[in-house]
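Structural overview for review
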2 protein chains.
Amino acid sequence: MTSQRFELWAPYAVQVELVLGGQFFPMPSEGGGWFAVEADADPGDGYGFSLDGADPLPDPRSAWQPNGPHELSRVVDHPAFQWSDGLWKGAPLAGAVIYELHIGTFTTEGTFDAAIERLPYLRDLGITAIELLPVAEFSGEHGWGYDGVDLFAPHHAYGGPDGLKRLVDACHAQGLAVIMDVVYNHLGPSGNYLSRFGPYFTQRYATPWGEAVNFDGPGSPGVRAFFIENALMWLDDYHCDGLRLDAVHAILDSSALHILEEIALNVERLSNHLGRDLFLIAESDLNDPRIIQRREAGGYGMDAQWSDDFHHALHACVTGETNGYYADFGDLEHLAIALQEAFVYAGRYSSFRDRVHGRQPVGISGSRFLGYIQNHDQIGNRATGDRLSAIVPSELLKVAAALVLTAPFVPMLFHGEEWGATAPFLYFTDHPDEDLGRAVSEGRKREFEAFGWDPASIPDPQSRETFMRSKLDWEEAQREPHSELLDWYRDLIRLRRSLPELSDGDLASVEVFFDEDQRALVMQRGSVTVACNFSDSEVEVPAEGSDPVPPAMSSGAEPVWENGALVLPPTSVSIWTN
Amino acid sequence: MTSQRFELWAPYAVQVELVLGGQFFPMPSEGGGWFAVEADADPGDGYGFSLDGADPLPDPRSAWQPNGPHELSRVVDHPAFQWSDGLWKGAPLAGAVIYELHIGTFTTEGTFDAAIERLPYLRDLGITAIELLPVAEFSGEHGWGYDGVDLFAPHHAYGGPDGLKRLVDACHAQGLAVIMDVVYNHLGPSGNYLSRFGPYFTQRYATPWGEAVNFDGPGSPGVRAFFIENALMWLDDYHCDGLRLDAVHAILDSSALHILEEIALNVERLSNHLGRDLFLIAESDLNDPRIIQRREAGGYGMDAQWSDDFHHALHACVTGETNGYYADFGDLEHLAIALQEAFVYAGRYSSFRDRVHGRQPVGISGSRFLGYIQNHDQIGNRATGDRLSAIVPSELLKVAAALVLTAPFVPMLFHGEEWGATAPFLYFTDHPDEDLGRAVSEGRKREFEAFGWDPASIPDPQSRETFMRSKLDWEEAQREPHSELLDWYRDLIRLRRSLPELSDGDLASVEVFFDEDQRALVMQRGSVTVACNFSDSEVEVPAEGSDPVPPAMSSGAEPVWENGALVLPPTSVSIWTN
C-alpha cells in the first residue's frame, strides 16, 4: 500500500468523501471547487466519490472502469508501465500513411493485444500511423466509441489502460505512430455522471448527439481544464502521437481563445517538452480554414483536418450516387477542384445545405488535409454499412485508391479497405439499459425509413450479430480477388513513400485535366502523372510528346499512344513517374 | 406616375401579389425565392405584399412606414433627394470625437429636423461625429430604438426618410460625420413580419431579446443579403459615414465567412467605390480582438469597437460601485491596464462571469476602441437612469472627462454629458399593444426587484412621463454649474484636437503610474502628462525634475512641487502638454 493523492473537481458539492475499501475519507476543500485527500491504495483498488452524503460515483477522471461506467473506478499507476519506446521520436504528419481502425472489429478478439499481432502486416503494407476509433469507456461491451463517458479510461473490453499501453509500445517498436480519436463535443447517453459534479454542460448550445459541453459559460475554466488534461493524457501517459478530434463543428465556444486553440497551444508545449512530434487532426464540417490555420495568422492551429469534400467528390464520381450530400458532387470538375484546392465548397452555394459554405484555404498546404475514399463514418452511416467494395467493381476501387495515394493530402485507409474486405462496418451498440437500447434500435430504423428503406432490412444496432458481422475476416485477404487489390494498395503506398514530391502538399503545383463527358481525369504533380478513366469505354486524352513512356503502374492494360493522344483502357488508372 | 420595380424575397410563399392603390398585381417568381413586378406608383403611395392570398403585409425592405410597422409601406424615391454634401469625403475614425445622441430626447421636438438646430453647438463643442441610437421603425412613437422591425425605414416619429437625409446633409455641412446604430442580432417584439416571408430566424441559437437571426442555416444567403443590403443602404442612400453594430456577440454565425466580415468586406468595397471614408464600429461583449483584427490577419475587419472595460474601470474608480460587472473592477490597476491594453480582461479569470474572459489585442491600435465614461446603456440600464453627474461631484466628473479625452481611444460622449444634464436617460417604450406594454413594464420592475429595488421606485417604461423626463433641458447648459462643466469639456476636446499625439492610438507608448492606496494615477502619453487624484485628500506623486512647469489645464487648484514630488490637490486632474 502506498499513499495516493485523490483529487476531484466538484464545484456543485459542499462535502466530498473518498470511498475506498469500504471506508469514507472526508476530502477537504482546496478552493475553486477542488477537493483532495491522501489515502493508502494499491493499483487496482476500487474507489469512488460521495458528494454530500450520496452514493459513491465513479471518478470523472477515472483511468480504469473494468466493470463499466456505472461501477467504482480503479486506481492506476501510469508511471509503473515499462515502456520500451524510449528512442521513438514520432514523425511529421505530412509524410504519413494512416490506417483507421476500430479495435473491436479489427480482430476476432477485439482487443488491443490482438491488434498487436497485426502490426507487422500494417508495417509491410507501408502504413506509418494507425488512427484508433475512440477507446474511452462507454456503456456496454462493444460499440463505435463515440458515446464515451469516462474520457480518461481506455475501454475495459479492449483491455483497459495496460492493454492500450502495450499496443502503443508495440506500434512504436514497428515504427508506427498512434493517433487517438477523442470526442469533446458531447458525452454518451449512459454512464455520464459529470453533471453531478459541476457545470460540464450548457443549454446555450445544442448538438445532435447530446448536451453541448460548457466551454464558455460560468464555471467553464474547470471544464476546459478537464478536456485539455484529457488531450495531454493520451499523448503523455499513453505515448500517443496525435489526436483526431471528433466533429469540432459541434464544439461551440464564444471565448476569445477557442478551446481548440487552447488545446493546440497546450499540445505544442507538450511536444516541445517531450521532444517528439505531436499533432492534432480535426474532423470539421465547416470548410473553415481557421481550424487548421496557424495561430499566428488567426487560426486555431490544428495540424490537419479530414477532407470530406475530396471524399465526396471522389465517391460520387466512382459510384454515381447523388443522394444526400452527394447532390453537391458528381462531376469530375468537383474532383479536380478538390485535388487543387482541398475544399470544393469554399464560398460557394451548396444546394444540400441551402447556404453558402466554406472558404478558400489560401496558403494552406495539402498536407493539412487527410484524404480518403473510405472511413468508418462514410461506410457505417450507410443503412447496411456497405463498403465501397460492395458497391463498385474492383477496377474502380483501384482508380479511387490510386487517387487517394497520389493526391496532395495525407492518405488514410479504413481497416480492410486495402483488400476489399467483405465484412460491412455496421452501426452497432450494446446498451445494457433496455429502454436506451430499444430507443437506439428504433431510432436507427426510423432514420432510414425516412429515406425509403424497409425498416426490416436495417440491421439492429443492439444485436450482437450486427457487431460480429462487422469483424474483419483476415483469411480472405490472402485469397483472390482480395489479394490482388491488396497488392495494388501495397504498390501504391510504396510508390507514395518512395517519391517525396507526392507528400509535399503543394496544392499550387497540382494540374488537372478532365473531360466531363468521357469521364477521364489526368492529374499532374511534378513529375508524376495519374491518368484515370472512370468510364467503361476507351477514352482519348491529350498527351504531350509522341514517345510512349511506359507507366510505372497500371491497374489493367497499359494505355497506348495514338496520334499524339493517350488512349486509356476502360475503367483504369495508370501512373507515370517521370 | 412612373413605373416602379417592386421586388420581394419571400421563399415561403408560392404566389405573391403586390397590393397598390387597392389593386392586386401578381408578381412572377424570379427564382431563388424572389418575386418582382413593374407597376406605376408615385413616391408616398402605399403598398404591401399579399402572400398566397393573405392580407397584405408591409415590405420587409420598406423605406417608410409613416403609420407604424403594422400598416402599408410607402414608396420612396431615394435618388430624388437634393443633397448638398457633394464635397464631403468623410474623415478617418482615429481622429474623431463622437457624440452619441438619441433623436427622441435630444430635443424637445424629438425629430431629425430639430436636431439640426443643435449642430452648430456640437461643432463649437469640438465634436466631429454624431452617433445616432437606432432609428429603424419600431412599435410606438418613442423608444430607444433597439426594437426596430422595419430595418430599412427611418422611424416615422423622427421624421422618416427625408428627415434623416436632411439631418445627415446638415451634419456634413457642419463638418460632422454621422454614425448609425444598427441592430442585426434580433428584431423587436411587435411588427416583425419577417418570418412570414422566409427563414430569417433560427432556433439553433438564442438571444436575450428575441429569436436569433439565421445567418448560417438553410436559406441564409437571402437573409445575409438582406442585412448586408441594409448596412450599405445607410451608407449609400442616406450618406452615413459609419455604422455602430449593436451587440455583435449575439450575432451567431458558424459560417467560414462570418457575416460581420462579409459586411466589412462589402463596406470596404462601397468605400472604395464612393471614394469616402466609411467605418464599422462593433459593440462586443467578447473582448475578442478578432472582431477588430484586420481581415488579412484572420479578423473580421471591423474598424473599432466600444471599450466597455475602460468604461467599467473608470466608472468603478470614480463611483466606488462594486455591484454586478463592476465587481471585476474598482482598482486603479484595472484603469491602468485599460489605458495601456484596452482590454482589462484579456485572458484573465473574471469573477462576474466565472470564466476566463478575453484575449490581448496584440498589435491593435488604441484608435480601434471607443472610450467613454457614459453612454445610453450605462446610464439607461440603471434602475433610475441616473447619469454620472447625479452620482458623483463635478470634481470627479472632470477627472473622468479628462481621462476619456486624453486616453488613447476615440472618445465618445453621451448627449448632455458635457454639461451634466439633469435629465436622466430612462428606459422608455410606447408599445400600443397592451399585453406587450404590460409585460415590458412588469419585466422592468421584476428585473430590478431581483436586485433589491422597491418596484414602486422603478419608472414605468410605458409611461409617457418616463420618456418626457429623459429629454434634455438645453437652457440649463448655459447656467452654473452646468456651464462650467461644459467649458471644461470644450477645453479638453480642443486640447485633444490640437495635439495629434493624443489621437495616435499608440498603446505601447502609454505609461501609467498609480498609487492604489492614495488613489492617484498619472498617465504619460508622449509629451502629455495627465495627473489624477481620485481621493478627497492631497496626494504626493513622484515627479521628475524640480522645475515647476505650469499645467496646460487644471480642474481646480494647480498642483505644487515639493521636495521633488508633485502635490495634487484633492479630487483633481491636471494636464501638462510639454
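Described in the following lines is the structure provided in the data block.

What counts as what
- Residues numbered from 1 in each chain as written.
- Chains lettered and ligands numbered in written order.
- Predicted model: local features only at pLDDT ≥ 70, side-chain atom pairs only at ≥ 80, totals over all residues.
- Heavy atoms only, no water.
- Pairing = 2+ DSSP bridges.
- Helix = DSSP H or I, 4+ residues; strand = E, 2+ residues; numbered from the N terminus.
- Axes fitted to C-alpha atoms, helices over the stretch in contact; angles between N-to-C directions.
- Phe/Tyr/Trp six-rings, centres within 6.5 Å; stacked < 30°, edge-to-face > 60°.
- Buried < 20%, exposed > 50% of the residue type's maximum accessible area, 1.4 Å probe, protein only.
- Polar contact = N/O pair within 3.5 Å; in protein donor to acceptor, adjacent residues only side chain to side chain.
- Contact = heavy atoms within 4.5 Å.
- Salt bridge = Lys/Arg side-chain N within 4 Å of Asp/Glu carboxyl O.
- Nonpolar A, V, L, I, M, F, W, Y, C, P; charged D, E, K, R; others polar.
- Least-squares fit on C-alpha atoms with pLDDT ≥ 70 in both.
- Core = buried A, V, L, I, M, F, W, Y, C linked by side-chain atoms within 4.5 Å.
- Parallel < 35°, antiparallel > 145°, perpendicular 65-115°, else oblique.
- Left-handed = near helix turned anticlockwise from the far one by under 90°.
- 1 Å grid on protein atoms, 1.4 Å probe; cavity = no way out; pocket = protein on both sides within 12 Å on 5 of 7 lines; lining within 4 Å.
- Points joined across faces, edges and corners; volume = space filled by probe spheres on them.

Residue and element names in this part refer to chain B. Within the open sheet, the three strands sit side by side as β1-β5-β4. Their pairing is antiparallel. The open sheet is flanked by β1 (2–9) and β4 (29–31), the only strands paired with a single partner. Going from strand to strand, the sheet's axes swing by 30 degrees on average, the running direction of each strand aside. Looking at chain direction, β1 and strand β5 (residues 34–41) are connected through eight bridges and run antiparallel. Opposite Thr2, over in β5, you have Ala41 as the bridge partner.

A few words on the packing of aromatic side chains. All names here are of chain B. Evaluated as defined, the whole model comprises 60 aromatic pairs over all chains. Measuring from centroid to centroid gives 5.6 Å for Phe112 and Tyr158, while their planes differ by 80 degrees, and the two rings are edge-to-face. Separated by 46 residues along the polypeptide, Phe112 in helix α2 (residues 112–116) and Tyr158 in the loop between β11 (148–154) and α4 (160–173) bring together distant segments of the chain. Here Phe112 falls in the buried class, since its relative accessible area comes to 0%. The buried category is assigned to Tyr158, whose relative accessible area is 3%.

Further remarks concern the side chain of His186 of chain A. Residue and element names in this part refer to chain A. Within the element layout of this structure, His186 appears in the loop between β12 (177–182) and α5 (194–197). On the basis of relative accessibility, which here comes to 4%, the residue His186 falls in the buried class. One polar contact links the side chain of His186 to the main-chain carbonyl oxygen of Tyr146, over a distance of 3.2 Å. Among the polar contacts made by the side chain of His186, one reaches the side chain of Asn185 at a distance of 2.6 Å.

With 25 residues of chain B in contact, the opposing surface of chain A contributes 25 residues. Run the count over chain B and chain A and you get two salt bridges. Between Arg359 of chain B and Glu261 of chain A there is a salt bridge whose closest N-O contact spans 2.5 Å. Counting every contact that joins chain B to chain A gives ten residue pairs in polar contact (both at pLDDT 80 or more). Of all the secondary-structure elements, those providing two or more residues to the side of chain B that touches chain A are α6 (220–236) and β19 (355–357) of chain B. Looking at the side of chain B that touches chain A, its residues break down into nine nonpolar, eight polar and eight charged.

Quick look at the pairing of strand β25 (residues 539–542) of chain B now. Residues and elements named next belong to chain B. Covered by surrounding structure in β25 are Val539 and Val541 only, the residues Glu540 and Pro542 on the alternate face being uncovered. Where β25 and strand β28 (residues 565–568) come together, four bridges link them in antiparallel fashion. In the sheet register, Val541 faces β28, and the bridge partner there is Leu566.

The next thing to look at is the environment of Val14 of chain B. Residues and elements named next belong to chain B. Tracing the chain through its elements places Val14 in the loop between β1 and β2 (16–20). The class for Val14 is exposed, based on a relative accessible area of 68%. Sequence separation of Val14 and Gly33 is 19 residues, and the distance between their C-alpha atoms is 8.9 Å.

Tracing the sequence through the fold places Arg348 of chain A in strand β18 (residues 348–350). If we skip the residues at most four places from it in the chain, Arg348 of chain A touches His334, Ile337, Arg355, Val356 and His357 of chain A.

All right, on to the relation of the copies chain B and chain A then. Superposing chain B onto chain A requires a rotation of 180 degrees together with a translation of 0.0 Å along the rotation axis, leaving an RMSD of 0.0 Å. Within this description, the copies of the chain are treated as partners about a two-fold rotation axis. Within chain B, Gly298 of chain B has its C-alpha nearest the rotation axis, a separation of 2.3 Å. In this assembly, 100% of the residues forming the interface of chain B have copies in chain A that are likewise at the interface, indicating an isologous arrangement.

It is worth spelling out the nonpolar core at this point. Ranked by size, the top nonpolar core spans 145 residues in total, and within it Phe6, Tyr99, Trp234, Leu335 and Phe534 of chain A carry the most contacts. The greatest single-element share of this core, amounting to nine residues, is contributed by helix α11 (residues 394–406) of chain A. Judged by nonpolar contacts, the second largest core, of 144 residues, contains Ile130, Phe197, Leu280 and Leu335 of chain B.

Glancing now at unusual backbone geometry. In this chain, Glu480 of chain A is followed by Pro481 of chain A through a cis amide linkage whose omega measures 0 degrees. With respect to the helices and strands, the residue Pro481 of chain A is situated in the loop between α13 (464–469) and α14 (482–498).

Let us now look at the packing of α11 of chain A against α14 of chain A. All names here are of chain A. Orientation of α11 relative to α14, taken along the N-to-C sense of each, is 20 degrees, at an axis distance of 9 Å. Our classification of the angle between α11 and α14 gives roughly parallel. The two elements α11 and α14 meet at a crossing, and its hand is right-handed. Residues Leu397, Lys398, Ala401, Ala402, Val404, Leu405 and Thr406 of α11 pack against Glu484, Leu485, Trp488, Tyr489, Leu492, Ile493 and Arg496 of α14. Here the contact of α11 with α14 is composed, by residue class, of ten nonpolar, one polar and three charged.

Applying the stated criterion to the full structure yields seven cavities of 30 Å³ or more. For the largest cavity, the lining is made up of 35 residues, of which Asp253, His258 and Tyr300 of chain A together with Asp253 and Tyr300 of chain B are closest to its centre. Mapped by element, the contributors of at least two residues to the lining of the largest cavity are α7 (259–274) of chain A together with α7 (259–274) of chain B. The residue makeup of the lining of the largest cavity, split by class, is 18 nonpolar, eight polar and nine charged.

What follows concerns the sheet that holds strand β6 (residues 46–51) of chain A. Two pairing modes exist for strands in a sheet, parallel and antiparallel, and in both the strands are linked by backbone hydrogen bonds. Residue and element names in this part refer to chain A. Taken together, four strands build an open sheet; the order of strands is β3-β2-β6-β7 and the sheet is antiparallel. At either margin of the open sheet sits one strand with a lone partner, and together these are β3 (23–27) and β7 (73–74). Examined bridge by bridge, β6 and β7 share two bridges and lie antiparallel to one another. What sits directly across from Tyr47, in β7, is Ser73.

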